[in-house]
Structures are given as structure tokens and as C-alpha cells.
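# Understanding the architecture of this molecule
The residues making up each chain are set out below.
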Amino acid sequence: MGLSAVTVLGVDRPGVIAAVTGALADCGANIQDSTMTLLGGHVAMMLLVSGDLGCAEMLKRLRAPDLVVTASAIEARRHFCEDGGGLGYVLTVHGPDRPGIISAISAVLAADGGNITGMSTRLTGRLYVLIADVELPEEVDVAALMRRLAAVGASLDHEITFRPVEPDLL
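These notes cover the structure that comes with them. Residue positions are counted from 1 within each chain, in the order its sequence is given. In keeping with the predicted nature of the model, local features appear solely for residues at pLDDT of at least 70, side-chain atom pairs appear and are counted solely at 80 or more, and the whole-chain, interface and lining totals rest on all residues. To get the side-chain values, take all heavy atoms of the structure and skip hydrogens and water.

## Quick look at the overall build of the chain
Operational definition: A helix here means a DSSP run of H or I that spans at least four residues, while a strand means a run of E at least two residues long, and both kinds are numbered starting from the N terminus. Residue burial is assigned from relative accessible area. The probe radius is 1.4 Å, only protein chains are included, and a residue is buried under 20% of its type maximum, exposed over 50%, and partly exposed in between. The contact rule is simple, with two residues in contact once any of their heavy atoms fall within 4.5 Å. Charge assignment: positive for Lys and Arg, negative for Asp and Glu; neither His nor the chain ends contribute. For this purpose, a charge sits on NZ of Lys, CZ of Arg, CG of Asp or CD of Glu.
Counting its secondary structure elements, the chain contains 4 helices and 8 strands. Going residue by residue from the N terminus, the α and β elements of the chain occur as β-α-β-β-α-β-β-α-β-β-α-β. Expressed along its principal axes, the backbone C-alpha trace of the chain runs to roughly 50 × 40 × 30 Å. Within the chain, buried positions represent 32% of all 170 residues. Contacts in the chain between residues far apart in sequence, at least 24 positions, make up 70% of those at least 6 positions apart. Within the chain, the 20 negative side-chain charges are centred at a point lying 8 Å from the centre of the 12 positive side-chain charges.

So, in C-alpha cells, the structure goes:
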């Protein structure tokens, strides 16, 4: 059984997710992991799919005139903190829109081995909002990391909060 990464991008309309996932189910593909969202009036989907169907055949079955679809064979990999050794946090950023926000914040996290496992951003007028799920190695000095994040936030004129994930909410 092979593993494929499938991406889908198209103009949002009712039924597009049902059409894509239905086509995958009809050919015996199993969606193991996925994320789907709207980006500026477009639906964007990323799916990790297992099954016996090759990527070329999967692309034929998912073909639609209003969708851009890619499929690539990949190897299964274990996430670096799946063994329970990582610490989960939620990062939020609010402030005026400008280039380099994600780059500056993600560089601070990466310097301590932090991994952004999910992220959403929105621009509402001039207000830029970022919400990210972050996993840190257990040995990270979280207080020092929070000070570095606060310094970056101040340089960007953004407010940053960084709090542990509440286990009861998962």
C-alpha cells in the first residue's frame, strides 16, 4: 500500500470537498491526514492518502476543470514529537500587516528546535493575526524563548502570546 501527498486548489464552491474526497473513496484511497481551508475565496486542501492507486491514476480520477491537483508518492515519517517527548504551545500574534512577520517569528522558534505543526493567518483591514500550534523539545528554556519572542514582537510592533496547550482541550 503506497502513500501519496495530494494537494488541491480551486475556486470555492459547495461540494468541492465532497467531490474530491468522494473520488478518492471510490478508488479505495484512505485519507490518513488532511487539512482544508479557504484562502482568498479558494479552497486549499492537503491530504495524506494511502492506497494501491498510483499517483498518475489518482490524478486522472481527481481531474476537474476548476481544480489544480498534484499527487506525489512519499515515504511515511514519524513526527518528531510523537513519542510524547515534546511540549505543545499555542502562539498568537496581532499587529499591523507588514512583510517578514512569519519569517521573523518562525526563525526564533526554529533556533530552539521548535516546530510549527499548524498555522493560520488572516488579514482584516490592516490587522494581521497569526495563530500557530508549536511543539518544543522538552529541554527548551521556555522563559528565555518567550523573552526572545517578545523582543521580536516589539520590533514588529506586534503583540505575541505564547501559552501551553491545555491537555483537556485536545
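Now that the structure is up, let's keep going.
## Section: the environment of Asn30
Along the chain, the position of Asn30 falls in strand 2 (residues 30-39). Take Asn30: its relative accessible area is 44%, and that puts it in the partly exposed class. Sequence separation between Asn30 and Leu3 is 27 residues; the distance between their C-alpha atoms is 9.5 Å. Beyond its immediate sequence surroundings of up to four residues, Asn30 is in contact with Leu48, Val49 and Ser50.

## As for the packing of aromatic side chains
Our working rule: Aromatic rings from Phe, Tyr and Trp, with only the six-membered ring used for Trp, were paired whenever their centres fell within 6.5 Å, and each pair was classed as stacked if the ring planes differed by under 30 degrees, edge-to-face if by over 60, and tilted otherwise.
This model, assessed by the stated rule, comprises 1 aromatic pair. Look at Tyr89 and Phe162: their rings are 4.7 Å apart centre to centre, the planes differ by 5 degrees, and that puts the pair in the stacked class. Taken together, the positions of Tyr89 in strand 5 (residues 86-96) and Phe162 in strand 8 (residues 159-164) put the pair 73 residues apart, joining distant regions of the chain. The exposure class assigned to Tyr89 is buried, which follows from its relative accessible area of 10%. Accessibility expressed as a relative area gives 8% for Phe162, which makes it buried.

## A few points about helix 3 (residues 101-111)
Residues spaced three or four apart along an α-helix point in a common direction, a consequence of the helix completing one turn every 3.6 residues. For clarity, the threshold we go by: Each direction from the helix axis to a C-beta atom contributes to the arc, which is the arc of those directions.
Those residues of helix 3 lying buried are Ile101, Ile105, Val108 and Leu109. Buried residues of helix 3, seen end-on, are gathered within an arc of 95 degrees and therefore sit on one face of the element. Structural note: helix 3 exposes Ser103 and Ala111 on the side pointing more than 90 degrees away from its buried face. Residues of helix 3 that are buried sit in contact with strand 5, strand 6 (115-124), strand 7 (127-137), helix 4 (142-156) and strand 8. Gly113 sits one or two residues past helix 3 and shows a positive phi near 80 degrees.

## With respect to unusual backbone geometry
Despite not being glycine, Asp157 has its phi angle at roughly 60 degrees, a positive value. Mapped onto the elements, Asp157 comes out in the loop between helix 4 and strand 8. With a relative accessible area of 59%, Asp157 lands in the exposed category.

## Remarks on the sheet that holds strand 3 (residues 42-51)
Stated formally: Two strands form a pair only when DSSP identifies at least two bridges running between them. Think of each axis as a best-fit line through the C-alpha atoms, taken over the contacting stretch in the case of a helix, with angles from 0 to 180 degrees between the N-to-C directions.
Here 4 strands make up an open sheet; going across it, the order is 2-3-1-4 and the pairing antiparallel. The sheet is open, and its two edges are formed by strand 2 and strand 4 (67-73), each paired on a single side. The average angle at which neighbouring strand axes cross in this sheet is 10 degrees, direction not considered. Strand direction decides the pairing type here: strand 2 and strand 3, joined by 9 bridges, are antiparallel. Paired with Leu39 across the strands is His42, a residue of strand 3. The sheet strands contacting helix 1 (residues 16-26) are strand 1 (2-11), strand 2, strand 3 and strand 4, and the helix crosses strand 3 at an angle near 15 degrees. Running at roughly 160 degrees to strand 4, helix 2 (residues 55-62) makes contact with strand 1, strand 3 and strand 4 of the sheet.

## Thoughts on the nonpolar core
Spelled out, the test is: Here, nonpolar core refers to any group of buried Ala, Val, Leu, Ile, Met, Phe, Trp, Tyr and Cys residues whose side-chain atoms link them within 4.5 Å.
Ranked by internal contacts, the top residues of the largest apolar core, which has 20 residues, are Leu91, Ile105, Leu149 and Phe162. Of all the secondary-structure elements, those providing two or more residues to this core are strand 5, helix 3, strand 7, helix 4 and strand 8. In this structure Ile105 touches Leu91, Val93, Leu149, Val152 and Ile160, once residues within four positions along its chain are discounted. Residues Ala23, Cys27, Ala29 and Val69 belong to the second largest nonpolar core, which totals 19 residues.

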